[in-house]
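In case you want the letters, here they are:
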Amino acid sequence: MITEILKGLSITLDYFFKPKVTENWPAEPHKVSPRFRGRHFLARYSGGQEKCVACYLCQQVCPAKAITIESEERPDGTRYPTKYEINMIRCIFCGYCQDACPEDAIILGNTLEFPTRTRKEMIYSKEMLLALAPEGHNGKQPPQADTHCPHAYQKPQKDSQVSDNIAKQPTERKEKK
Amino acid sequence: MKSKTVFSEKLRADILQLKAMYPIAQSALIPALHRVQEEKGHLEPNSMLEVAQLLGIPPIEVMKTGTFYTMFHHKPVGKYRVQVCVNLTCSMLGGRHLLSHLEEKLGIKDGETTSDGLFTLIGVQCLGACHEAPVVQINNDYHSLVSEKKLDTLLSSLRSGAKR
Amino acid sequence: MADIAKVRLTIDGISTEAEKGVLLVEAARRIGIKIPVFCSHSKLLPLGACRICLVEIEKAPKLVTACTTPVGEGMVVFTRSARVVKARQGIVEFLLANHPLDCPICDQGGECELQDVCFEFGRGKSRFEDIKRNFDNKYGRIKLSPVLSWVNNRCIHCERCTRVCHQVVGEDHIGMLNRGDKAMISTFQFTQMTCELCGNCAEVCPTGTITNGTVKYKDRVWNLTPNPSVCLLCSSSCATRVWTDLKGKVTRVTAPKDEQDCCDFLCAKGRFSFDADQGEQRLREGTKITSEVAETFQQSESLQPTVQAFKALAKDSGSTAVIYNSRIANEEAYLVGRIARTVLKTPHVVPLENHEGLTSYLDRFSGRQSTSKDILSADLILLVDAPLARETPMIGYFVTRAVRQKGAALYTVGPEKTRHSSMGLAHHWNAPGASKDFVLSLIEALQSRKSDASAEFNKIVDAVQGSRQMVIIAGSRPLAEGPAFIRAIESLSSKVANSKVLMVPEGGNTLGAMLMAGSGMRVPGWGSNVSQNGCSVQEDVLGAIEKGSIKNVLLIGEDLQEGLINWPRWKTAFAKLANLVVFDAFRSELTSLATLAVPVRSFHEFEGSVLSALGEWKIARGSIPGAVGQSMSRLLLKLESELGGAEQSFASVTSEVKKLYQWHVSRATEAVEDKKSADSAGKDKSTGGNPGKDGVFLLIGNDLYHSGAMTLRGAHLGQFLNRSLLMNSADAEKMKISNDARVQLKIGSDKVSVAVRTTDDIMSGCCFLALNSLSPDERRWFGGIGKPLTAVIISGGAA
């Protein structure tokens, strides 16, 4: 009987001296996994042009219907979104939008905490999302925290492929089912 | 709307005569375009428009036909149109080499005209003389079993002939 | 038709039967087997250009194209055999070799036939590694028209667009230039499109090469909802699909895809004037004037003010004139007619677009007029002063198809050469207003040839004598000649075996509205207790207001001010009225004068049935989200019950309307059987045909892109508005007027300054001016579409 108690206490004692696994959050920042899907941002090409072509695929695939897009034609004949909004309250951070994006324009970053005082502030406009792109992010490299994660980016593009949209070769389609 | 005529009386009469030869006016289109090219050297938009008016067919029909055949030119061409066959048989027997040789020699690219207005170089598809490939057609004359050397003498003789 | 021989064949092991001459694609479709197609289209002649429809036929050495092969007795066809599957994959691979992968930005993406076929029948992987053909910017993305967007890189060379332009529209405006992989679709010399801009090339394009430019890059197809509707802009009354986006805003209009004859195509106004009712000028709130103060109210609250207004109107029975225009549904016209007779007790129920011949046309030809099938199967078509491309483009498409696809002979008659004249065998110049004379002399010539007739006239006589099945189509100008013309054409039709007649009024539901409102004709039931001696045309009403016998006016329809001829006179007359009640979809001077203005639904939002000129019964459900308020018929029904009538459901009105139409049809048939007195056609020559010595006949009509003021209200087609006077070039030479010169046109005491365009396509002594290119003030001297006016041209144009 006593031996059993001692055995149990020894385990307790064992854990008592081991390093703690609980984090002192929010006093200390939470370390997110490299594959963590946090707040989105909209990427730009290295030339500064935004990557989004307003194809509406993210809006279509979004299970929470969190994305609103309105699009127009630029004077040079290219397509761009006049409005790109993500309602972060509706968003479930499933990452489907990133998966659907043919231009790698919408990317889920690693920001976990972005609380606001009003609901209105949780609706992110296109300008806000573009501004959220990490410093030095040119759309070719994954964001800093994701560097060791092979899955964060599925299709790293070659330089030559980036600008040549029209004559682009068909990329491999994923088999449906 | 009527546009100003760009054809001579003779040319207009010829086209109308061609039109009368066929039961359907459109059949006279290719002969008419040949006739226009004979006189004008190439087909300009106004010429095509006038052919359409004379034959009573839509202008787009004329442009369709005119752009389909490589024998019709839409830019001014040189005195000699050097047409090098680059189709399969000729290519295998050196047609493409002849073309690049000519490009080098005349200093122009495929489809261009020399600055003196003498030669226009055109790489064309089969000329229908595979048995004596490689074939070069200069204006309406066939030159068969052409080699680079033979081509050089041909060109210089044409050049001197033009000077005379 | 019933004795067409049938053949038996087997497709993929399913035994089936099809009529001789049916193509394999169609036979397979009927039993639910899908054969992919690009170049093949049910309304176009077979071509066999794209090869995607290859199928295997037993004992045939090679694969054959199903879209060009007719069914044969005992044929055994395989559409899914290994050979076929492999061939199709190869074709798809070749088609995609030069097709850019820009689906994410392509407006066709989501409804693209190429996408669908590639997913279903393609390899799924590309082996193509070379650089794709890429036209440089000059040709790759040519800006040929503001309403159509062209990206030639996406073209797969099926030639549907060029064929639709030739075989259906008859414009021959676009064509395939160059050859091989350099082939591209363009206009002559890549110039801006000057065709009628129907957009049917974009409609049939299986890829995103030609797309609707008005919605370019604005939305994606999967966000749009198609709502079936009917277009009321001309009397073709085409079925349409009105597409609304997620917010319920109308973004585009397309033709329904169907096997029926009337589907798959639309004209410019049907397709591109959808934005007309989205703008600032739309009447969205009602106004009522009570003791000099104007109050506004919401559409949903319009019942109470309307009831009050109608009570005021009903107090003084017989003093109210009810005027409607053709852009209302049958149900609405029926209810308006009934309320006028039973509640307002007035005989004055007057249509705005009045052709004096219409009543007698409806009396004689209801249900007997030529249908689309008749036109398509005719071997002779005679267009009597019918500018179809301008007035009713869809009927024009039927005529073009009959000529270009079925080889019908076409003859045109009239003061204008139209697009159809160029594909016809001969054009007979005939003065405006003298169509009756032409018909009468044709009847005479059928019995005994006249020696002094022109060669063209004799050709027409020969053709009529030799015809097996003739269709005579007359436009709105002959209709304006009145009942005498109808009698003449009836007499002609009775003398030629197997002939059909079609009259084409210009306005939307002209025929249906006139029949249902019962203007100028006998109506069973509620119409009988009111005197028949009411006003019949708008001029009568105007006179009666000025005399003081009419004290109230009720105007119902859409775009009403445009239909009131001589607006300044109407304006002063309206000031005399006690009550002016207007039901309109648009804001105008008229609605601001009204004591009560009620907003109603517009030409594609409305609910109810429509009778097209071809005698088809079209139904609009009024289901477009974002439509203004409730439909007018439901409002009128509630109004009727509030005013003491029995409550009735909308469905029962629909069935009553249908019954009423049947009654009219049977009456017209009886009338024909009763009276074999067709010979009583007036032999007196009409007054037209001889313009004054120094005057010209002014033909007026609406330019193709317009319908009333629709185009002025819409942004897309308004930019093509062409205000010029079409003039015979010989006349112009005689008067020393050059092309593009400005002249003054004097009509009565009014003058209008216009630019001249000389043409050979108009008869000497005549001019054409598009009515809708003029402002309402300039328009006041026109006597309505159809009636030729005499005008004097003063050259020099110095104002």
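Residues numbered from 1 in each chain as written. Chains lettered and ligands numbered in written order. Predicted model: local features only at pLDDT ≥ 70, side-chain atom pairs only at ≥ 80, totals over all residues.

1. Looking at the overall build of chain B
So, step 1. The secondary structure content of chain B amounts to 7 helices and 4 strands.
So, step 2. Along chain B, helices and strands appear, N-terminal first, in the series α-α-α-α-β-α-α-β-β-β-α.
So, step 3. With respect to the three principal axes, the spread of C-alpha positions in chain B is 50 × 35 × 25 Å.
So, step 4. Going through the 164 residues of chain B one by one, you find that 32% of them count as buried.
So, step 5. A separation of at least 24 residues holds for 59% of the contacts in chain B among residues at least 6 apart in sequence. (Helix = DSSP H or I, 4+ residues; strand = E, 2+ residues; numbered from the N terminus. Buried ≥ 20, exposed ≤ 12 C-beta atoms within 10 Å, placed from the backbone. Contact = placed C-beta atoms within 7 Å.)

2. Observations concerning the overall build of chain C
So, step 1. Counting secondary structure elements, chain C contains 28 helices and 32 strands.
So, step 2. The C-alpha atoms of chain C give a radius of gyration of 28 Å, which matches the 28 Å a tight globule of 799 residues would have.
So, step 3. By its C-alpha atoms, chain C is 85 × 70 × 60 Å across when sized along the principal axes.
So, step 4. Per-residue burial for chain C yields a buried fraction of 53% across its 799 residues.
So, step 5. Partitioning the contacts of chain C with sequence separation of at least 6, the portion at a separation of at least 24 is 74%. (Rg over C-alpha atoms; globule rule 2.2 N^0.38 Å.)

3. A short note on the interface of chain C and chain B
So, step 1. Listed per partner, the contact involves 12 residues of chain C and 10 residues of chain B.
So, step 2. With 4 residues, strand S7 (residues 174–177) of chain C is the largest single contributor of residues to the side of chain C that touches chain B.
So, step 3. Counted by class, the side of chain C that touches chain B contains 4 nonpolar, 6 polar and 2 charged residues. (Nonpolar A, V, L, I, M, F, W, Y, C, P; charged D, E, K, R; others polar.)

4. Brief notes about the domain arrangement of chain B
By a frequent convention, interface size equals the accessible area lost on bringing the separate parts together.
So, step 1. Per the domain assignment, the segments of chain B are domain 1 (9–68) and domain 2 (80–163).
So, step 2. Taken over C-alpha atoms, the centre of domain 1 of chain B sits 29 Å from the centre of domain 2 of chain B. (Domains from an automatic or database assignment.)

5. Here we look at the sheet that holds strand S11 (residues 239–244) of chain C
Residue and element names in this part refer to chain C.
So, step 1. In spatial order, the strands read S10-S11-S12; together these 3 strands make up an open sheet with antiparallel pairing. Looking at which strands have only one partner, the edges of the open sheet turn out to be strand S10 (225–230) and strand S12 (250–254). Strand after strand, the sheet turns through a mean of 30° between neighbouring axes, direction not considered. (Pairing = 2+ DSSP bridges. Axes fitted to C-alpha atoms, helices over the stretch in contact; angles between N-to-C directions.)

6. Quick look at the nonpolar core
So, step 1. By size, the foremost hydrophobic cluster in this structure holds 243 residues, and its most contacted members are C:Tyr324, C:Val336, C:Ile381, C:Leu382, C:Ile472 and C:Ile473.
So, step 2. Every residue in contact with C:Ile472, bar those within four places of it in the chain, is listed here: C:Leu382, C:Val384, C:Ile489, C:Leu492, C:Ser493, C:Ser499 and C:Val501.
So, step 3. Within the second largest apolar cluster, 29 residues are counted, among which are A:Phe41, A:Ala43, A:Val53 and A:Ile86. (Core = buried A, V, L, I, M, F, W, Y, C linked by C-beta atoms within 7 Å.)

7. Some remarks on the pairing of strand S3 (residues 54–57) of chain C
All names here are of chain C.
So, step 1. With 2 bridges joining them, S3 and strand S4 (residues 64–65) adopt antiparallel strand pairing. If you follow Val 55 over to S4, its bridge partner there is Val 64.
So, step 2. Two successive antiparallel strands, S3 and S4, enclose a turn made up of 6 residues, where Lys 59 displays a positive phi of approximately 75°.

8. Section: the sheet that holds strand S3 (residues 79–87) of chain A
Residues and elements named next belong to chain A.
So, step 1. Spatially, the 3 strands line up as an open sheet ordered S2-S3-S5, and their pairing is antiparallel. Here the strands that pair on one side only, and so sit at the sheet edges, are strand S2 (67–73) and strand S5 (123–124).
So, step 2. When S2 meets S3, the two strands line up antiparallel, connected through 7 bridges. Each bridged residue has a counterpart across the sheet, and for Ile 69 the counterpart in S3 is Tyr 84.

9. Topic: the environment of B:Tyr69
So, step 1. By the secondary structure assignment, B:Tyr69 is in the loop between helix H4 (59–68) and strand S1 (80–85).
So, step 2. Judged by the 11 C-beta atoms lying within 10 Å of it, B:Tyr69 falls in the exposed class.

10. What about the domain arrangement of chain C?
So, step 1. Looking at chain C, the domain boundaries give domain 1 (6–80), domain 2 (131–274), domain 3 (285–353 + 509–661), domain 4 (359–503) and domain 5 (696–795).
So, step 2. A separation of 38 Å is found between the C-alpha centroids of domain 1 of chain C and domain 4 of chain C.

11. Quick word on the packing of helix H3 (residues 45–55) of chain B against H4(B)
All names here are of chain B.
So, step 1. Between H3 and H4, whose axes approach to 8 Å, the crossing angle comes to 125°. Between H3 and H4, the crossing angle belongs to the class labelled oblique. In terms of crossing hand, the pair formed by H3 and H4 is right-handed. For the pair H3 and H4, contact is made by Met 48, Leu 49, Val 51 and Ala 52 and by Pro 59, Glu 61, Val 62, Met 63 and Gly 66, respectively.
So, step 2. Considered class by class, the residues forming the contact of H3 with H4 number 7 nonpolar, 1 polar and 1 charged. (Parallel < 35°, antiparallel > 145°, perpendicular 65-115°, else oblique. Left-handed = near helix turned anticlockwise from the far one by under 90°.)

12. With respect to unusual backbone geometry
So, step 1. The peptide bond linking A:Trp25 to A:Pro26 adopts the cis configuration, its omega dihedral lying at 10°.
So, step 2. Relative to the assigned elements, A:Pro26 resides in the loop between helix H1 (2–17) and strand S1 (40–42).
So, step 3. The residue after B:Ala133, namely B:Pro134, is reached through a cis peptide bond having omega -5°.
So, step 4. Following the sequence through the fold, B:Pro134 ends up in the loop between strand S2 (119–124) and strand S3 (136–138).
So, step 5. Unusually for a residue other than glycine, C:Gln189 sits at a positive phi of about 60°.
So, step 6. With respect to the secondary-structure elements, C:Gln189 resides in the loop between strand S8 (184–187) and helix H6 (200–204).
So, step 7. In this structure C:Gln189 comes out as partly exposed when scored by C-beta crowding, with 14 C-beta atoms within 10 Å.

13. Description of the environment of C:Met763
All names here are of chain C.
So, step 1. The topology assignment puts Met 763 in the loop between strand S30 (750–759) and strand S31 (766–770).
So, step 2. Between the C-alpha atoms of Met 763 and Asn 223, which are 540 residues apart in sequence, the distance is 51 Å.
So, step 3. Beyond its immediate stretch of four places on either side in the chain, Met 763 contacts Pro 415, Trp 429, Ala 431 and Asn 728.

14. Description of helix H15 (residues 435–447) of chain C
Residue and element names in this part refer to chain C.
So, step 1. Helix length check: H15, at 13 residues, gives a terminal C-alpha distance of 19 Å against a target of 18 Å (1.5 Å per residue), a fit within 8%.
So, step 2. Taken together, the buried positions of H15 are occupied by Ser 435, Lys 436, Phe 438, Val 439, Leu 440, Leu 442 and Ile 443.
So, step 3. Tucked inside the fold, the buried residues of H15 contact strand S17 (380–384), strand S18 (409–414), helix H16 (455–466), strand S20 (470–474), helix H17 (476–480) and helix H18 (483–495). (Expected span 1.5 Å × (residues − 1).)

15. Thoughts on the environment of C:Ala28
All names here are of chain C.
So, step 1. When you line up the elements, Ala 28 lands in helix H1 (residues 24–30).
So, step 2. Measuring from C-alpha to C-alpha, the distance between Ala 28 and Thr 16 comes to 8.9 Å, with 12 residues separating the pair along the chain.
So, step 3. Once residues within four sequence positions are removed from consideration, Ala 28 is found in contact with Ile 11, Ile 33, Ile 35, Ala 66 and Thr 79.

16. Points about the confidence of the model for chain C
Any segment with low pLDDT has predicted coordinates that should not be analysed in fine detail.
Residues and elements named next belong to chain C.
So, step 1. The predicted model of chain C has a mean per-residue pLDDT of 85, with 90% of residues at 70 or higher.
So, step 2. Segment residues 676–682: pLDDT under 50, and 11 contacts once partners within four positions in sequence are set aside and those in other chains are kept.
So, step 3. Low pLDDT, under 50, characterises residues 685–689; the predicted model gives this stretch 16 contacts beyond four residues in sequence or across chains.
So, step 4. Listed scores for the predicted complex are pTM 0.89 and ipTM 0.85. (pLDDT = per-residue confidence, 0-100.)

17. Let's talk about helix H19 (residues 510–517) of chain C
Residues and elements named next belong to chain C.
So, step 1. When you tally the buried positions in H19, you get 8 out of 8 residues, the bulk of the element.
So, step 2. Among the residues making up H19, those that are buried are Thr 510, Leu 511, Gly 512, Ala 513, Met 514, Leu 515, Met 516 and Ala 517.
So, step 3. At the exit of H19 stands Gly 518, carrying a positive phi of roughly 70°.

18. Focus: the pairing of strand S14 (residues 293–298) of chain C
Residues and elements named next belong to chain C.
So, step 1. Counted residue by residue, S14 has 0 buried out of 6 residues, so it is predominantly exposed.
So, step 2. Across 6 bridges, strand S13 (residues 285–290) lies against S14 in antiparallel orientation. Looking across to S14, one finds that Thr 287 is bridged to Thr 296.
So, step 3. In sequence, S13 turns back onto S14 through a hairpin of 2 residues, with Ser 291 there showing a positive phi of about 40°.

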